[in-house]
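Chain and residue survey
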Amino acid sequence: MIDEQDATAKYLEHIARWRQHGPALFAAEALGLPREWDREKKEGIRKWWWRASHGLVTKRKITVRSGHGAHKTGFTAVSILWFLICYHPCKIPCTAPSS
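Residues numbered from 1 in each chain as written. Predicted model: local features only at pLDDT ≥ 70, side-chain atom pairs only at ≥ 80, totals over all residues. Heavy atoms only, no water.

**Focus on the pattern of salt bridges**
Where charged atoms of side chains with opposite charge meet at close range, the side chains can pair. In the structure shown here, the tally under the stated rule is 2 salt bridges. Its salt-bridge partner being Glu29, residue Arg35 comes within 3.7 Å of it at the nearest N-O pair. Judged by relative accessible area, which is 45%, Arg35 ranks as partly exposed. (Salt bridge = Lys/Arg side-chain N within 4 Å of Asp/Glu carboxyl O. Buried < 20%, exposed > 50% of the residue type's maximum accessible area, 1.4 Å probe, protein only.)

Structure follows, in structure tokens:
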């Protein structure tokens, strides 16, 4: 049985690693997404997610230019969850264009 101190220490180790490596690693470890994109299953982490994650960690601001179906919304959702967990307490403004 794991005691509370061990569980807390393990949790803090995960947080430190996710802060250092960004939302892509968080998606793989915490959310269980495959580390590589599977075209047949249409699931996993795309290569650009790893680059964008690095940009978020090192520069704090990124832009993503791509067409339809690149999973930008998925990356945004994962990034929001990552930030909420790794930088709690925090506030994240989220907006979307009106139709």
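Back to the write-up after that little detour.
**Quick notes on the side chain of Ser53**
By the element assignment, Ser53 lies in helix H3 (residues 47-59). A polar contact is formed between the side chain of Ser53 and the backbone nitrogen of Ala24, at a distance of 2.9 Å. With sequence-adjacent residues up to four places away left out, Ser53 is seen in contact with His21, Gly22, Pro23, Ala24 and Phe75. (Helix = DSSP H or I, 4+ residues; strand = E, 2+ residues; numbered from the N terminus. Polar contact = N/O pair within 3.5 Å; in protein donor to acceptor, adjacent residues only side chain to side chain. Contact = heavy atoms within 4.5 Å.)

**Observations regarding the packing of aromatic side chains**
The tally for this structure, following the rule as stated, stands at 7 aromatic pairs. Note on Trp48 and Trp49: the rings are 6.3 Å apart at their centroids and 70° apart in plane angle, and the pair reads as edge-to-face. In terms of burial, Trp48 and Trp49 fall into one category: buried. One aromatic cluster in this structure is built from Trp48, Trp49 and Phe75. (Phe/Tyr/Trp six-rings, centres within 6.5 Å; stacked < 30°, edge-to-face > 60°.)

**A look at helix H4 (residues 72-86)**
Compared with an ideal rise of 1.5 Å per residue, which puts 15 residues at 21 Å, H4 spans 21 Å between its outermost C-alpha atoms and is within 8% of the ideal. Among the residues of H4, those classed as buried are Phe75, Val78, Ser79, Trp82 and Cys86. Across the axial projection of H4, the buried residues extend over an arc of 105°, all falling on one side. For H4, the elements touching its buried residues are helix H1 (4-21), helix H2 (23-29) and H3. (Expected span 1.5 Å × (residues − 1). Arc of directions from axis to C-beta.)

**Re the packing of H1 against H4**
At their nearest, the axes of H1 and H4 sit 10 Å apart, and the two run at 130° to each other. If you check the angle between H1 and H4, you find them oblique. Handedness of the crossing formed by H1 with H4: left-handed. Contacts between H1 and H4 involve Tyr11, Ile15, Trp18 and Arg19 on the former and, on the latter, Trp82, Ile85 and Cys86. When its residues are assigned to classes, the contact of H1 with H4 shows 6 nonpolar, no polar and 1 charged. (Axes fitted to C-alpha atoms, helices over the stretch in contact; angles between N-to-C directions. Parallel < 35°, antiparallel > 145°, perpendicular 65-115°, else oblique. Left-handed = near helix turned anticlockwise from the far one by under 90°. Nonpolar A, V, L, I, M, F, W, Y, C, P; charged D, E, K, R; others polar.)

Geometry only, nothing functional implied.
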